[in-house]
Amino acid sequence: MMKNIKVMFLFLMIIGNGKYVKAQSTQGNDEIKQRIDNYLTAGVSKGLSGTVLVYKEGKIILNKGYGFADKENEILNTPTTVFDIGSVSKQFTAAAILKLEEQGKLKVGDSLSEFFKDLPEDKKKITIHQLLIHSAGIIRAIGKSDFDIISTEDYFKELFSTKLTHEPGTKHKYSNAGYSILSRIIELVSGQSYESYINQYLFMPAGMKHTGYLLPKWSDMSIAKGYSYNVMNIGTMIERYKKDNAVSWVVMGNGGIHSTQEDMYKWYQALTSNNVLSKALVEKMTKPYILEFEGETSYYSYGWVVFQSPRNTKMIAHDGSNGTFFYDYRWFPKEDILIIYGTNAFTTKIGGIGWWVDKMLFDETYTPKPIEPDFVSSLLEYSEKFKGSLAELKSKIIEQFGSELTKPFYLNRLSGLYSRNYMFDNAILFAELNIELFPNDSNLWDSLGQVYYNKGNIKKALVAFREAVALDANNSYAQEMIKKLTN
């Protein structure tokens, strides 16, 4: 089953019996820089591609690119390379809402009925505050992809017609669509487009000239191409926005904003100097409001997640990913430390770099394990370079990698990647091979059904979805697809 990706490597740092351990460090900045840089540089040959900025106590001690922004033209990543920052975009939407509150144009306690007409009864009393902290009960997303262009009227009509996931205000459930509602409120209240408003009232006062969707002048800058699993070139996200001459409501206000490391550092400076929001509003934006997950210690605020560090200090952070780009933003107010990490070639092997750099800063005895090549990357690279038929590829994959195909998600990820890039024959090949290896996995059967459906083979899709339900009667997605395809 094709699922939205929310990568949260954030950031439980509980050690041993659950007590927080205070790390002591006597490292100088030069020593810290050298340790981190040496580690990251060694990782480039193993799949690291991106940028890292580390600011500590008034100084940027590291701001450097690693690997390529454009492999084909051998253009390196640098601090001025433009990256998709994913869900880190949400903090800009939250800041814009607070700016409008500062301007006296709304209040976070206002309900949706004050901005939208003809709302269903269950949506009328949802508040801006509930949308900001993901407690409104709005579903995660609608639309097929971040680039599914839906008219404003149709998008919100469909969204508001969906069933709430829970009673508003009762619990946290992450919703990209909820932040799209916030971005529309910004437009309705300000009389400007979402991007125009955040550009005028957030980015320009902060000196951020290279942050946005379509407004920045990026012609003379390097825009990072995305490399799925550091292999498949999927191009830049900006060129897709330009092709559509629009940003889809599916991603508007909740993700997909582009920026550079240097601009994102300016954002930090703007927040800490109160250039864009007053001190009281910054505190309001970063206050822990609601527990994210039962039994954990992270709280959602307004476009941020708040944690307690191992030193019993506050960490304000957020990450985001579209599956190829990944961005991680970590702010330690008391220690005056900022860590920003972005990659244009995400794999699970490098997703934790923000966390590892964090530990290296505070613990001079800590050395992360060396970065290793990602197994899915190896599979994809072999598949992309293979010159024979698909049938031959299948036998060669088994011959070359069979002993390592011990988990179903390896081939599932590969199949999903090919499907998202409309290479359905390849997607079917790996989905079918996965079924051969793990025939009793209901989720793999509905993944196969989804690929058949995407290609237009409804008969085979139904067979796969029915097998998924036979293996797991609670597989609601497969049930929904069967109902959809038989009506």
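In this text, all values refer to a predicted model and were calculated from it rather than measured experimentally. (Residues numbered from 1 in each chain as written. Predicted model: local features only at pLDDT ≥ 70, side-chain atom pairs only at ≥ 80, totals over all residues. Heavy atoms only, no water.)

J.: Just to check I follow, could you spell out the environment of Ile223 for this structure?
T.: Within the fold, Ile223 resides in the loop between helix H6 (194–206) and strand E6 (226–228). Taking the C-alpha atoms as reference, Ile223 lies 29 Å from Ile32; in sequence the two are 191 residues apart. Contact partners of Ile223, with chain neighbours within four places excluded, come to Ala69, Val82, Trp218, Thr236 and Ile238. (Helix = DSSP H or I, 4+ residues; strand = E, 2+ residues; numbered from the N terminus. Contact = heavy atoms within 4.5 Å.)

J.: Looking at this structure, I do not really get the packing of aromatic side chains. What am I missing?
T.: Here a ring pair, both rings aromatic, is described through the centre-centre distance and the interplanar angle of the planes. Tallying each qualifying case throughout the model produces 33 aromatic pairs. Taken together through their ring pairs, the aromatic side chains of Tyr55, Tyr265, Tyr268, Trp304, Tyr329 and Trp331 make up a single cluster. Positioned above the aromatic ring of Tyr179 is the side chain of Lys90, whose terminal nitrogen or guanidinium carbon lies 5.9 Å from the ring centre. Of note, Lys359 hangs over the ring of Tyr366, and the distance from its end group to the ring centre comes to 4.3 Å. (Phe/Tyr/Trp six-rings, centres within 6.5 Å; stacked < 30°, edge-to-face > 60°. Lys NZ or Arg CZ within 6 Å of the ring centre and 35° of its normal.)

J.: Even after reading the chapter, I still don't get the nonpolar core, so can you show me in this structure?
T.: In globular proteins that are soluble, nonpolar side chains generally tend to be buried together. Membership of the largest hydrophobic core comes to 148 residues, with the highest contact counts inside it found for Phe92, Ile181, Ile185, Trp267, Tyr329 and Ile353. Setting aside chain neighbours within four positions, we find Trp267 in contact with Gln91, Phe92, Ala95, Leu202, Met208, Val276, Trp304 and Tyr329. (Core = buried A, V, L, I, M, F, W, Y, C linked by side-chain atoms within 4.5 Å. Buried < 20%, exposed > 50% of the residue type's maximum accessible area, 1.4 Å probe, protein only.)

J.: Where do I start with the pairing of strand E13 (residues 326–332) in this structure?
T.: Working note: regular strand, side chains alternate between the two faces of the sheet. Extensive coverage of E13 is indicated by the burial of seven of its seven residues. On E13, burial covers both faces: Phe326, Asp328, Arg330 and Phe332 on one face and Tyr327, Tyr329 and Trp331 on the other are all buried. Across seven bridges, E13 lies against strand E14 (residues 337–343) in antiparallel orientation. Along E14, the bridge assignment pairs Phe332 with Ile337. (Pairing = 2+ DSSP bridges.)

J.: Help me understand helix H11 (residues 375–385), please; the structure alone is not making it clear to me.
T.: For the α-helix, the turn length of 3.6 residues means that residues three or four positions removed from each other point alike. Among the residues of H11, Phe375, Val376, Ser377, Leu379, Leu380 and Ser383 are the ones counted as buried. For H11, the capping residue at the N-terminal end is Asp374, with a side-chain oxygen 2.9 Å from the backbone nitrogen of Val376. (Polar contact = N/O pair within 3.5 Å; in protein donor to acceptor, adjacent residues only side chain to side chain.)

J.: Help me understand the packing of H11 against helix H13 (residues 408–420) in this model?
T.: Interhelical geometry of H11 versus H13 gives an angle of 50 degrees and a closest axis separation of 10 Å. As far as their axial angle goes, H13 and H11 are oblique. Both H11 and H13 take part in a crossing whose hand is right-handed. Taking contact as the criterion, the partners of Phe375, Val376, Leu379, Leu380, Ser383 and Glu384 in H11 are, on H13, Tyr410, Leu411, Arg413, Leu414, Leu417 and Tyr418. Among the residues making up the contact of H11 with H13, the classes are represented as nine nonpolar, one polar and two charged. (Axes fitted to C-alpha atoms, helices over the stretch in contact; angles between N-to-C directions. Parallel < 35°, antiparallel > 145°, perpendicular 65-115°, else oblique. Left-handed = near helix turned anticlockwise from the far one by under 90°. Nonpolar A, V, L, I, M, F, W, Y, C, P; charged D, E, K, R; others polar.)

J.: Whenever I open this one, unusual backbone geometry confuses me. Can you help?
T.: Negative phi characterises most residues that are not glycine, and trans characterises most peptide bonds. A positive phi is found at His134, a non-glycine position, where the angle reads about 60 degrees. Within the fold, His134 resides in the loop between helix H3 (128–132) and helix H4 (152–161). The buried category is assigned to His134, whose relative accessible area is 1%.

J.: What should I look at first to understand the side chain of Ser383 in this one?
T.: Locating Ser383 in the fold gives a position in helix H11. The buried category is assigned to Ser383, whose relative accessible area is 6%. A polar side-chain atom of Ser383 sits 2.7 Å from a polar atom in the side chain of Tyr418. Leave out the neighbours within four places in its chain, and Ser383 touches Leu393, Tyr418, Asn426 and Phe430.

J.: What is the right way to look at the environment of Ile97 in this model?
T.: Tracing the backbone shows Ile97 in helix H2 (residues 90–102). Classification of Ile97 as buried rests on a relative accessible area of 0%. Along the sequence, Ile97 and Ile198 sit 101 residues apart, while their C-alpha atoms lie 9.7 Å from each other.

J.: What is the right way to look at the packing of H2 against helix H5 (residues 176–190) in this model?
T.: The axes of two packed helices give the description: the angle between them and the distance between them. Contact pair H2 / H5: the axes reach a minimum separation of 10 Å and the direction vectors enclose 35 degrees. H5 is crossed by H2, and the crossing has left-handed handedness. When H2 is examined against H5, the residues Lys90, Thr93, Ala94, Ala96, Ile97 and Leu100 are found in contact with a partner set consisting of Asn176, Tyr179, Leu182, Ser183, Ile185, Ile186, Val189 and Ser190. Here the residues of the contact of H2 with H5 are counted per class, giving nine nonpolar, four polar and one charged.

J.: Even after reading the chapter, I still don't get the pattern of salt bridges, so can you show me in this structure?
T.: A side chain with one charge can pair with a side chain of the opposite charge if their charged atoms come near. One pass over the full model with this rule turns up 16 salt bridges. For the salt bridge of Asp37 with Lys64, the shortest nitrogen-to-oxygen distance reads 2.9 Å. With Asp37 in helix H1 (residues 29–43) and Lys64 in strand E2 (residues 59–66), the pair connects residues that are 27 residues apart, well separated along the chain. Assessed through its relative accessible area of 31%, Lys64 is described here as partly exposed. Shared partners join several salt bridges into a network, and the residues in it are Asp328, Arg330 and Asp358. (Salt bridge = Lys/Arg side-chain N within 4 Å of Asp/Glu carboxyl O.)

J.: How should the sheet that holds E14 be read in this particular structure?
T.: Note on sheets: strands pair through backbone hydrogen bonds, and any given pair is parallel or antiparallel. Spatial ordering of the open sheet is given by E2-E1-E14-E13-E12-E11-E10-E9, a layout of eight strands whose pairing is antiparallel. Edge positions in the sheet fall to E2 and strand E9 (290–291), since each of these pairs with one other strand and no more. The sheet contact formed by strand E11 (residues 305–308) and strand E12 (residues 314–321) spans four bridges and is antiparallel. For Val306, the partnering residue across the bridge sits in E12 and is Ile316.

J.: What's the story with H1 in this structure? I'm lost.
T.: In a regular helix each residue adds 1.5 Å, so 15 residues correspond to 21 Å; H1 covers 21 Å between its end C-alpha atoms and thus fits that length. Those residues of H1 that fall on the buried side of the exposure criterion are Ile32, Arg35, Ile36, Asp37, Tyr39, Leu40 and Gly43. In this structure, the buried residues of H1 make contact with strand E1 (50–56), E2 and helix H10 (353–362). (Expected span 1.5 Å × (residues − 1).)

J.: Honestly, the side chain of Ser49 in this entry has me stumped. Any pointers?
T.: Summarising the element assignment, Ser49 is placed in the loop between H1 and E1. One polar contact links Ser49 to Asn344, side chain to side chain, over a distance of 2.8 Å. Setting aside residues up to four positions removed in sequence, Ser49 forms contacts with Tyr66, Gly67, Phe68, Asn77, Asn230, Gly342, Thr343, Asn344 and Ala345.

J.: How do you make sense of the confidence of the model for the protein when you look at a structure like this?
T.: Looking at the protein, the pLDDT average stands at 92 and 94% of residues meet or exceed 70. Counting contacts from residues 1–24, a segment whose pLDDT is below 50, to residues more than four positions away or on other chains yields 71 contacts. (pLDDT = per-residue confidence, 0-100.)

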